[in-house]
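Chain residues, written in single-letter form:
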Amino acid sequence: MKRIGIFASGSGTNAENIVKYFLESELATVQAVFCNNSRAGVIDRAHKLGIRCILFENEDLLNGTILKKLAECKIDLIALAGFLRKIPSDIIDQYDHKIINIHPALLPDYGGEGMYGMHIHRAVIENEEEETGVTIHYVNEEYDEGDIIFQEVIEIDYEDTPEDVQYKVQQLEYKHYPEVIEYLLNSLD
Ligand code: GAR
């Protein structure tokens, strides 16, 4: 069995969706959720799903604590799902092409520090974009700049609100993120 580690800072709907997708899988399981926000909804979701939730301080990313926990949990693939801190280079080096992120827009547009969640959907509407979508990419040292693995585009209707766009993008995330994770795990040794 391959072991997935999910990093999340917020509500955790993607984390929950990934956990559920792999519940019956013979390929992989979600081993733990790593969370850096003690008020995040993902903690309760993990608890209800019976998944270990490792709560940590941001400095633990830098002082080796998280690397140790990842090794202890024997994590094969790290999936960021609404995780809002940079991943430091020692973790990226250790998990080369084994850390991925989902972004609720068509990178390289609407990426970078501060571009997350509803901030993105509001900016997309303000700019009167005709399309948006979802991007799944490898994580490197810069926010949202790693190589793109997968993108899907959706159209924005002229009357769509940021909340409508968020809903549409979430449906894409729930459909594609687990499938891309599964695809990548299948190609690991
Ligand atoms: C998701 O839409 C994810 O794509 C986004 O945060 C949301 C987390 O929702 N990530 C980013 O914006 C990263 N820059 P969730 O906590 O309900 O899964």
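Given the structure is predicted, the values throughout are model-derived calculations rather than measurements. (Residues numbered from 1 in each chain as written. Predicted model: local features only at pLDDT ≥ 70, side-chain atom pairs only at ≥ 80, totals over all residues. Heavy atoms only, no water.)

Enquirer: Please clarify how the overall build of the protein chain should be interpreted in this entry.
Expert: Counting its secondary structure elements, the protein chain contains seven helices and seven strands. Considering only C-alpha atoms, the protein chain reaches an extent of 50 × 35 × 35 Å along its principal axes. Of the contacts made within the protein chain by residues no fewer than 6 positions apart, 68% connect residues no fewer than 24 positions apart. For the protein chain, the accessible surface area stands at approximately 10,000 Å², while carbon and sulfur atoms represent 44% of it. One finds the centroid of the 16 positive side-chain charges in the protein chain at a distance of 12 Å from the centroid of its 35 negative side-chain charges. (Helix = DSSP H or I, 4+ residues; strand = E, 2+ residues; numbered from the N terminus. Contact = heavy atoms within 4.5 Å. Areas by Shrake-Rupley, 256 points an atom, 1.4 Å probe, with all protein chains shown as cover. Lys, Arg positive; Asp, Glu negative; His and termini not counted. Charge placed at Lys NZ, Arg CZ, Asp CG, Glu CD.)

Enquirer: In this structure, what is going on with the state of the cysteines? I would like to understand it.
Expert: What makes a disulfide is a covalent bond joining the sulfur atoms belonging to two cysteines. By the definition in use, this model includes zero disulfides. Looking at Cys 35, it has no disulfide partner, and the nearest cysteine sulfur is the one in Cys 53, 5.2 Å off. (Disulfide = S-S within 2.5 Å.)

Enquirer: What exactly am I supposed to notice about a negative patch on the surface here?
Expert: A cluster of acidic residues, Asp 109, Glu 129, Glu 130, Glu 131 and Glu 155, forms a negative patch on the protein surface. Position of Asp 109 relative to the elements: it lies in the loop between β5 (99-103) and α6 (117-126). On the basis of relative accessibility, which here comes to 46%, the residue Asp 109 falls in the partly exposed class. (Patch = residues over 30% accessible without salt bridge, like charges linked within 9 Å, V, L, I, M, F, W, Y side chains within 5 Å. Salt bridge = Lys/Arg side-chain N within 4 Å of Asp/Glu carboxyl O. Buried < 20%, exposed > 50% of the residue type's maximum accessible area, 1.4 Å probe, protein only.)

Enquirer: Explanation requested: the layout of surface pockets in the structure shown.
Expert: Regions of empty space are outlined by a rolling probe, equal in size to a water molecule, passed over the atoms. Its volume calculated, the largest pocket comes out at about 780 Å³. Elements that contribute at least two residues to the lining of the largest pocket include exactly α1 (13-21), β5, α6 and α7 (162-186). (1 Å grid on protein atoms, 1.4 Å probe; cavity = no way out; pocket = protein on both sides within 12 Å on 5 of 7 lines; lining within 4 Å. Points joined across faces, edges and corners; volume = space filled by probe spheres on them.)

Enquirer: Got a minute to help me understand the pairing of strand β1 (residues 2-8) in this structure?
Expert: Working note: regular strand, side chains alternate between the two faces of the sheet. Most of β1 is tucked away: six of the seven residues are buried. The pairing of β1 with strand β2 (residues 28-35) spans seven bridges and is parallel. Residue pairing in the sheet places Ala 8 in a bridge with Cys 35 of β2. With α1 bridging β1 and its parallel neighbour β2, the resulting β-α-β unit is right-handed. Two strands pair when backbone bridges link them, and β1 and strand β4 (residues 77-80) are joined in this way by four bridges, in the parallel orientation. (Pairing = 2+ DSSP bridges. Right-handed = clockwise from strand over helix to strand, strands pointing away.)

Enquirer: Can you help me understand the sheet that holds strand β3 (residues 52-55) in this one?
Expert: Within a sheet, each strand pairs with its neighbour through backbone hydrogen bonds, oriented either parallel or antiparallel. Spatially, the seven strands line up as an open sheet ordered β3-β2-β1-β4-β5-β6-β7, and their pairing is mixed. In this open sheet, the two edge strands, each paired with only one partner strand, are β3 and β7 (148-155). On average, adjacent strands in this sheet sit at an angle of 20 degrees to one another, irrespective of strand direction. (Axes fitted to C-alpha atoms, helices over the stretch in contact; angles between N-to-C directions.)

Enquirer: Even after reading the chapter, I still don't get the site of the ligand, so can you show me in this structure?
Expert: Taken together, 13 residues lie around the ligand, and Gly 12, Thr 13, Asn 14, Gly 117 and Glu 173 are the ones closest in. Ser 11 is positioned with one of its backbone polar atoms (N or O) 3.4 Å from an oxygen atom of the ligand. Asn 14 is positioned with one of its backbone polar atoms (N or O) 2.9 Å from an oxygen atom of the ligand. For the ligand, whose free accessible area comes to 460 Å², the fraction covered by protein is 88%. In this structure the site holding the ligand corresponds to the largest pocket. Elements represented by at least two residues in the shell around the ligand include exactly α1 and β5. Broken down by class, the residue content of the shell around the ligand amounts to four nonpolar, eight polar and one charged. (Near = heavy atom within 4 Å. Polar contact = N/O pair within 3.5 Å; in protein donor to acceptor, adjacent residues only side chain to side chain. Sits in = over half its atoms within 2 Å of the grid points. Nonpolar A, V, L, I, M, F, W, Y, C, P; charged D, E, K, R; others polar.)

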